[in-house]
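Each chain is listed here by its residues.
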Amino acid sequence: MLYDAAVIGAGPAGITAALYLVRSGVSVALVENGAPGGQILSTAEIENYPGFPKSIKGWELADLFDAHLAGYPVARVRGQVTAVRRTEGHAFTLELAEGEALEAKCVVVCSGAHHRRLGAPGENDFSGRGVSYCAVCDGNFYRGRDVVVVGGGNSALEEALYLSRIVNKVYLVHRRDAFRGAMVYQNKVRQAENIELVTGSVVDEIRGGSAGMDSVIVRHLESGNVRTIAAEGIFIYVGMEPLSGYLPEQVNRDAAGFVMTDAEMSTSVPGIFAAGDVRSKRCRQVSSAVGDGATAATAASSYLEQWNA
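Values in this document were obtained by computation on a predicted structure and should not be read as measured data. (Residues numbered from 1 in each chain as written. Predicted model: local features only at pLDDT ≥ 70, side-chain atom pairs only at ≥ 80, totals over all residues. Heavy atoms only, no water.)

A.B. asks: What exactly am I supposed to notice about the sheet that holds strand β10 (residues 131–132) here?
C.D. replies: Backbone-to-backbone hydrogen bonds pair the strands of a sheet. The strands run either parallel or antiparallel. With respect to topology, five strands assemble into an open sheet ordered β10-β17-β11-β12-β13, the strand pairing being parallel. In this open sheet, the two edge strands, each paired with only one partner strand, are β10 and β13 (195–199). Relative to strand β12 (residues 169–174), strand β11 (residues 146–150) runs parallel, the two sharing five bridges. Pairing of Val148 across the sheet is with Tyr171, part of β12. (Pairing = 2+ DSSP bridges. Helix = DSSP H or I, 4+ residues; strand = E, 2+ residues; numbered from the N terminus.)

Here you go:
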């Protein structure tokens with residue numbers, strides 16, 4: 001069957017895109033390799049999504065997104081997309097890891113990204129119990145406590161500053177002696193009274209117990225000296241990795257591999273749109289993903305109108 005639109009990924013951007021598309025009267029296939037919800041499934045609570053002033057658990061919001069789409073005739077396809085290829089007649093073929101394939105007149109890419117991990121012992125064990133990759137999402141849970149931030153780019157510096165306003169103390173750990181972030185952020189970090197710079201150092205281990213993490217083992221690279229930092233949370237910002245490797249090489253990406261789009265979420269390949277965390281942009285939040293998904297679906301609907309004209 002040739003679908004009007006195929007949406008890759010059932011996170012906030014993908015579910016929103018599918019919802020807007022199916023409501024416009026087109027046939028939609030929604031391809032997802034895991035459970036609907038995307039990264040919000042790994043977030044304990046979300047406090048900054050409008051409409052939920054008392055916060056909402058990540059899995060609860062994911063369920064609500066999915067339930068909103070449940071009453072519409074969207075074809076749910078379980079599988080991992082391994083390639084997207086242009087076929088005759090300007091349609092697209094989506095190849096799946098299981099050997100199956102489907103065709104669509106246009107594609108909305110919402111496959112997201114994942115945080116690059118440190119690879120330190122204890123990181124997986126304390127994920128969601130001290131280990132976080134989003135200070136805006138989880139920082140309030142550590143109000144008045146001591147935390148560690150790892151990284152040296154803009155994200156690490158910005159989030160360290162954000163956390164410094166709500167926690168007791170921030171230890172900013174960076175493997176180099178100089179930060180890579182903008183000087184304006186570096187100056188603010190150095191001026192903050194409750195931010196301690198731990199430069200030229202790496203995290204060797206994250207430790208804790210049944211209640212969660214309680215300390216971070218840090219090693220100075222030059223001297224080899226090891227230090228134990230008592231902290232109840234660690235926020236890791238060592239980069240994001242987009243899930244975009246399956247797209248045609250003609251789709252323009254930035255240096256980190258994120259898909260480049262215009263304001264309407266159109267990529268460099270006509271008929272392929274991108275929304276959410278897979279897109280090259282500054283803000284990666286649930287609210288921005290929803291907006292991207294709605295915009296991409298609107299642009300895809302216009303593309304389909306021209307196709308059918």
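A.B. asks: In this structure, what is going on with the nonpolar core? I would like to understand it.
C.D. replies: Counting 37 residues, the largest nonpolar core has Val7, Leu21 and Val108 as its most contacted members. Elements represented by at least two residues in this core include exactly β1 (2–8), α1 (12–23), β2 (28–32), α2 (58–70), β8 (101–109) and α6 (286–308). Here this core gets nine residues from one element, more than from any other, and that element is α6. Apart from the residues lying within four places of it in its own chain, the contact partners of Val7 are Gly14, Ala17, Ala18, Leu21, Val28, Ala29, Leu30, Val31, Val108 and Cys110. Judged by nonpolar contacts, the second largest core, of 23 residues, contains Ala104, Tyr246, Val251 and Ala274. (Core = buried A, V, L, I, M, F, W, Y, C linked by side-chain atoms within 4.5 Å. Buried < 20%, exposed > 50% of the residue type's maximum accessible area, 1.4 Å probe, protein only. Contact = heavy atoms within 4.5 Å.)

A.B. asks: Explain unusual backbone geometry here, please?
C.D. replies: Negative phi characterises most residues that are not glycine, and trans characterises most peptide bonds. Backbone geometry at Ser55 places phi at a positive 75°, although glycine is not the residue there. When you line up the elements, Ser55 lands in the loop between β3 (45–46) and β4 (56–57). Phi is positive for Met265, which is not a glycine, with a value near 70°. Structurally, Met265 is set in the loop between β18 (240–242) and β19 (272–274). A relative accessible area of 5% means that Met265 is categorised as buried.

A.B. asks: What's the story with the pairing of β11 in this structure? I'm lost.
C.D. replies: Residues in a regular strand project their side chains so that they alternate between the two faces of the sheet. With four of five residues buried, β11 is to be regarded as a mostly interior element. On the question of chirality, the crossover connecting β11 to the parallel β12 by way of helix α4 (residues 154–164) is right-handed. (Right-handed = clockwise from strand over helix to strand, strands pointing away.)

A.B. asks: What am I meant to see in the layout of surface pockets here?
C.D. replies: Here the idea is plain: a probe the size of a water molecule rolls over the atoms and shows the empty space left. The volume enclosed by the second largest pocket comes to roughly 250 Å³. Lining the second largest pocket are 18 residues; nearest its centre among them are Leu118, Val150, Arg175, Val202 and Val238. Of all the secondary-structure elements, those providing two or more residues to the lining of the second largest pocket are β12 and β14 (201–209). It is β14 that contributes the most residues to the lining of the second largest pocket, three residues altogether. (1 Å grid on protein atoms, 1.4 Å probe; cavity = no way out; pocket = protein on both sides within 12 Å on 5 of 7 lines; lining within 4 Å. Points joined across faces, edges and corners; volume = space filled by probe spheres on them.)

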